Amino acid sequence: MTTIYIMWLRQVKRYLRSKSRIIGSLGQPILYLFALGYGLGQVFARAGQGNYIEFLAPGIIGMSVLFTSMFNGVEMIWDRQFGFLKETLVAPVSRFNIMLGRVLGGATVATLQGLIVFVLSFAAGFRLQMHNPVLYFFLAIVFMFLIALLFTALGTAIASMLTDFQGFQLIMSFVIMPTYFLSGAIFPLVGLPKLMSFITRIDPLTYGVDGLRGALTASNHFALSLDFSILVILSLIILSAGSYLFSKIQI
Amino acid sequence: MINVSNLIKKFGDFTAVDNISFNVDKGEIFAFLGPNGAGKSTTIKMLTTLLDPTSGKIEINGHSPQINKHEVRNSFGIVFQDPSLDDELTAYENMHFHAVLYKVPNTGLKERIKQLMEFVELWDKKDVLVKNFSGGMKRRLEIARSFLHHPKIIFLDEPTLGLDPQTRNHMWGYIQDLNKKEQTTVFFTTHYMEEADRVADRIAIIDQGRIVARGTADELKTQTGTQSLEDAFLQLTGHAIREEEASGADRMRGAFMRRGGRN
Ligand SMILES: Nc1ncnc2c1ncn2[C@@H]1O[C@H](COP(=O)(O)OP(=O)(O)O)[C@@H](O)[C@H]1O
Ligand SMILES: [Mg+2]
């Protein structure tokens, strides 16, 4: 327990102390919210899809949670290169707890980042569409956290296999960006060509964004219970795989 | 306390540690000397559960680092060759983090951290983020940290690199003191021969993965007919300059030349 807590605390402290990183990582979601929101809003409305910013905001929240959590997971490569990882690896505690604390810390940080974007989306014209905002706000946090958990675990699992930064660009291009663009974060899931529809369905972020849409604007495509179950099950699978890989790390 | 027999570590075709055997008794200060790339750090990584050997047997405090990792990890403290502090945490937080990981009891913990940090003269900087520390300050903090949980064995991989003579002196004074009082076994590497000469009970010299000589400093001098440990070291390991950290290609070339040389 204490191991998990202290690893969690470390991740959160690092986040809260890097103000420039927090602000820097808000640039992209703001750009998407405003540029896409205003730029495509007309087209979206004309196509009979309704209010684009209402549709888009949950997607952008999902995107920032995705980026922050993957980055937090992959950050372990830094620890490996600059040494701190060794301090935890020789400690007489279970590696699973080290990894779990780390992942929970990263997921907490990514959820905070998602909340900041959520607040910012109001400036771009987003409004909640729920009768019971408090309840659904908590449901939204649950979905943010599940997205965060899944992708921090994934990032950590990938980082356990990499020894240097060279793989990082590959992850960016072949994991993070496709996950984002193919998740229905910026376009609706209805009326897609068959192949595209299939791809969106195997993208885990799809269910995260859909869950957020359900919680924030009651416009989910799948059942919320399905979104929830898929995210939980995938998180557990990735966490187990990740902890195996983490336990095998050699320096 | 440390028993190693026929230890081998290969990275692909390259043999970094080539069939070494040695033992270190409880309470002994043991120096592991060798030029860059000799295999010192690789050996320490195997002793401390970070790296699995290709073959051979290791016993640390009666346990195998491959099988009883937990018991082995409970037995030692370590200062790595490369920095291993969290830059975004303060000096005190780094110490506290270590204490929690090693389950150091809370009672008296603050006092113990204070005492150790005062010893390395960093107590007044306890709330400074480590990223603002100089290399020497980081080193001192790592040394203090490695003692925090009262380990039975302490591994020091070039601990005094980049420290001024005052701090080095001070540090060795403290380590020798602890070695006497708590019977802490000390296993260290260094490039400062006079340091090894002064503090080590016994010395092993490793070169290209093999132990080429062992004994007390005096025995090594007698063996080689030299006046100082430095001369003995140079005679045993040759005068050629070794690269600090070989690149992949260099490594392969080195391995190739070595093989060619032997045949
Ligand atoms: N992970 C690794 N993969 C391949 N070669 C390695 C690896 N780690 C160390 N080596 C090589 O093994 C040799 C011994 O390294 P090391 O133990 O760090 O030497 P020392 O600590 O004595 O300077 C060096 O030639 C080094 O380049
Ligand atoms: Mg070394």
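Our subject is the structure that appears above.
To keep things clear, this report deals only with the structure shown in the data block. In this text, all values refer to a predicted model and were calculated from it rather than measured experimentally.

## Brief notes about the interface of chain B and chain A
Taken together, the contacts link 32 residues of chain B with 23 residues of chain A. Together, the buried faces of chain B and chain A total about 2,500 Å²; carbon and sulfur atoms form 59% of this surface. Here chain B is connected to chain A by six salt bridges. Residue A:K13 is joined to B:E93 by a salt bridge in which the shortest nitrogen-to-oxygen separation is 2.8 Å. Run the count over chain B and chain A and you get 11 residue pairs in polar contact (both at pLDDT 80 or more). When contributions to the side of chain B that touches chain A are tallied by element, the ones reaching two or more residues are α2 (69–75), β5 (76–79) and α3 (91–101) of chain B. Here the element with the most residues in the side of chain B that touches chain A is α3(B); it accounts for seven residues. Of the residues that constitute the side of chain B that touches chain A, the class distribution is 13 nonpolar, nine polar and 10 charged.

## With respect to the environment of A:S219
Residues and elements named next belong to chain A. In this structure, S219 sits in the loop between α11 (204–217) and α12 (224–247). In this structure S219 comes out as partly exposed when scored by relative accessible area, which is 37%. Spatially, the C-alpha atom of S219 lies 8.2 Å from that of F55, the residues being 164 residues apart in sequence. Look past the residues within four positions of S219 in its chain and what remains in contact with it is R213 and G214. Within polar-contact distance, the side chain of S219 engages the side chain of T217 at 2.6 Å.

## Description of the pattern of salt bridges
A pair can form between side chains of opposite charge whenever their charged atoms are brought close. Residue and element names in this part refer to chain B. Under the criterion given, the structure shown has 24 salt bridges over all chains. Across the pair E142 and R139 runs a salt bridge, and its minimum N-O distance is 2.7 Å. Separated by three residues within a single helix, E142 and R139 lie in helix α5 (residues 135–147), roughly one turn from each other. Just as E142 is buried, R139 falls in that class too.

## Re helix α4 (residues 52–74) of chain A
Residue and element names in this part refer to chain A. The end-to-end C-alpha distance of α4, which contains 23 residues, comes to 32 Å, matching closely the 33 Å that a straight helix rising 1.5 Å per residue would cover. Within α4, 21 of the 23 residues are buried, which leaves the element mostly enclosed by the surrounding structure. Between the side-chain oxygen at the start of α4 and the backbone nitrogen of I53 there is a gap of 3.0 Å, and the oxygen is on N51.

## Remarks on the coordination of the magnesium ion (ligand 2)
Surrounding the magnesium ion (ligand 2) are the protein donor atoms B:S41 (OG) and B:Q81 (OE1), at 2.0 Å. Pair noted here: B:S41 is in helix α1 (residues 40–47) and B:Q81 is in the loop between β5 and α3, with a separation of 40 residues, a long-range link.

## Thoughts on the sheet that holds strand β2 (residues 14–24) of chain B
All names here are of chain B. With respect to topology, three strands assemble into an open sheet ordered β2-β1-β4, the strand pairing being antiparallel. At either end of the open sheet lies a strand with only one pairing partner, and these are β2 and β4 (55–60). On average, each strand axis in the sheet is tilted by 20° relative to the strand beside it, whichever way the strands run. Contacts between α1 and the sheet are confined to β1 (2–11), β2 and β4, with β1 contributing the most and set at about 115° to the helix.

Conventions adopted
Residues numbered from 1 in each chain as written. Chains lettered and ligands numbered in written order. Predicted model: local features only at pLDDT ≥ 70, side-chain atom pairs only at ≥ 80, totals over all residues. Heavy atoms only, no water. Contact = heavy atoms within 4.5 Å. Buried area = accessible area lost by both parts, 1.4 Å probe. Salt bridge = Lys/Arg side-chain N within 4 Å of Asp/Glu carboxyl O. Polar contact = N/O pair within 3.5 Å; in protein donor to acceptor, adjacent residues only side chain to side chain. Helix = DSSP H or I, 4+ residues; strand = E, 2+ residues; numbered from the N terminus. Nonpolar A, V, L, I, M, F, W, Y, C, P; charged D, E, K, R; others polar. Buried < 20%, exposed > 50% of the residue type's maximum accessible area, 1.4 Å probe, protein only. Expected span 1.5 Å × (residues − 1). Donors = N, O, S within 2.8 Å, 3.2 Å for Na, K, Ca; no water. Pairing = 2+ DSSP bridges. Axes fitted to C-alpha atoms, helices over the stretch in contact; angles between N-to-C directions.

Limitation: the analysis is restricted to geometry and does not speak to function.
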